[in-house]
Amino acid sequence: RETESTDEFSERCWRYDKARSNSYIKDLFCGQLHSTITCRECGAVSTCFDPFWNLSVPITKMKHVTIESCIAKFSKTEELKD
């Protein structure tokens, strides 16, 4: 994995998942979620790519809500507390 780029790792994860369950419906409606966790103590990084069929994005109580603003809020960096 150390020599693989993020894009290559993503593609390898996608091919692995498609080999396990492949369909036309999946091609249309399934996506891939990229998650990265970084340890605050040692700096170790863990990267995952997981398939998803839907995303539970937060919808704010703003006057003009866009799908882009909902996805931006869903994907913002968060810091986990001890």
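Residues numbered from 1 in each chain as written. Predicted model: local features only at pLDDT ≥ 70, side-chain atom pairs only at ≥ 80, totals over all residues. Heavy atoms only, no water.

(A) Main features of the overall build of the protein. Counting its secondary structure elements, the protein contains three helices and two strands. Walking the protein from its N terminus toward its C terminus, one meets helices and strands in the order α-α-β-β-α. For the protein, the proportion of its 82 residues judged to be buried stands at 13%. By sequence separation, contacts in the protein at least 24 residues apart represent 24% of the contacts at least 6 residues apart. Summing over all exposed atoms, the protein offers an accessible surface of approximately 7200 Å²; the carbon and sulfur share of this is 54%. (Helix = DSSP H or I, 4+ residues; strand = E, 2+ residues; numbered from the N terminus. Buried < 20%, exposed > 50% of the residue type's maximum accessible area, 1.4 Å probe, protein only. Contact = heavy atoms within 4.5 Å. Areas by Shrake-Rupley, 256 points an atom, 1.4 Å probe, with all protein chains shown as cover.)

(B) Looking closely at the environment of C30. With respect to the helices and strands, C30 occurs in the loop between helix 2 (24–29) and strand 1 (31–38). As for C30 and W53, which are separated by 23 residues in sequence, their C-alpha atoms are 4.8 Å apart. Residues within four places of C30 in sequence aside, it is in contact with W14, I25, P51, F52 and W53.

(C) Fine view of the side chain of D17. Residue placement: D17 occurs in helix 1 (residues 6–20). Excluding residues that lie within four positions of it along the chain, D17 makes contacts with K26 and P51.

(D) Inspection of the pattern of salt bridges at higher detail. According to the stated counting rule, one finds five salt bridges in the structure shown. One salt bridge connects E11 with R15, and the closest N-O pair in it is separated by 3.8 Å. In this pair, E11 and R15 are both assigned in helix 1, four residues apart and thus about one turn of the helix distant. Across the pair R40 and E79 runs a salt bridge whose closest N-O atoms are separated by 2.9 Å. Separated by 39 residues along the polypeptide, R40 in the loop between strand 1 and strand 2 (45–52) and E79 in the segment after helix 3 (67–74) bring together distant segments of the chain. (Salt bridge = Lys/Arg side-chain N within 4 Å of Asp/Glu carboxyl O.)

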